[in-house]
Amino acid sequence: GPGGGARGRAPGEDGWRASFGVNKADLAATGAGAYFVLRPGRTMTYVGGDTELVVTVLDRTRVLDGVTTRIVEERETKAGTLVEVSRNYFAIEPKSGDVYYFGEDVDIYKDGKVVGHDGAWLAGKDGARFGLFIPGGPRLGDAF
């Protein structure tokens, strides 16, 4: 896993825990924790003002940093016009319910055309490492 160390290890000098002690071989592309569900077909829609975000757990996977991850697509529209599509890559540790984030591909749209990829990153490329996204059992004082 990233940096080794035991789960629950005391945070570093800056207060943030940077290692999680997860074995990549234990991670799965499908499952559910207390706060995050990686089941193909699950769709959530969030609306605020003229902005709508549709999050869909796809029936597709991608191997990143040696781990088969589940692809979660986010489609954001403003006033009915597509502004961003991102494909996020997650894996879950079935026993703990911890969800790990392996990166995202991002397409930024303007006038119906892709104009950029701001925010894109992939674990295992250019020094990027996967990290804890949502703990299955958060503890008071956790910072990650």
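Quick notes on the rules
Residues numbered from 1 in each chain as written. Predicted model: local features only at pLDDT ≥ 70, side-chain atom pairs only at ≥ 80, totals over all residues. Heavy atoms only, no water. Helix = DSSP H or I, 4+ residues; strand = E, 2+ residues; numbered from the N terminus. Core = buried A, V, L, I, M, F, W, Y, C linked by side-chain atoms within 4.5 Å. Buried < 20%, exposed > 50% of the residue type's maximum accessible area, 1.4 Å probe, protein only. Contact = heavy atoms within 4.5 Å. Phe/Tyr/Trp six-rings, centres within 6.5 Å; stacked < 30°, edge-to-face > 60°.

Student: Can you explain unusual backbone geometry? Please cite residues and give values.
Tutor: Located in the positive-phi region is D65, a residue other than glycine, with phi close to 55°. With respect to the secondary-structure elements, D65 resides in the loop between β4 (51-64) and β5 (67-78). We note that D111 has phi near 55°; this positive angle belongs to a residue other than glycine. Within the secondary structure, D111 sits in the loop between β7 (99-110) and β8 (113-116).

Student: Talk me through the nonpolar core; I want residue IDs and the actual numbers.
Tutor: For soluble globular proteins, nonpolar side chains are generally found buried alongside one another. By size, the foremost hydrophobic cluster in this structure holds 15 residues, and its most contacted members are L27, Y89, Y100, F102 and F130. Where this core is concerned, the elements lending two or more residues are β4, β5, β6 (81-92) and β7. Setting aside chain neighbours within four positions, we find F102 in contact with L27, L64, D65, V67, T69, Y89, A91, W121, L122, A123 and F130. Among the nonpolar cores identified, the runner-up in size contains 10 residues, and L38, M44, V55 and I92 belong to it.

Student: Please provide a residue-by-residue account of the packing of aromatic side chains, values included.
Tutor: In the structure shown here, the tally under the stated rule is 8 aromatic pairs. Residues F90 and Y101 carry aromatic rings whose centres are separated by 5.0 Å and whose planes lie at 20° to one another, so their mutual orientation is stacked. Highlighted residues: F90 in strand β6 and Y101 in strand β7, separated in sequence by 11 residues. On the accessibility criterion, F90 (3% relative accessible area) is buried. With a centroid separation of 5.3 Å and an interplanar angle of 90°, the aromatic rings of Y101 and W121 are classed as edge-to-face. Note that Y101 is positioned in strand β7 and W121 in strand β9 (residues 121-122), a separation of 20 residues in sequence. Put simply, the rings of F36, F90, Y101, W121 and F133 pair up and form one aromatic cluster.

These results come straight from atomic positions and should not be treated as a statement about function.
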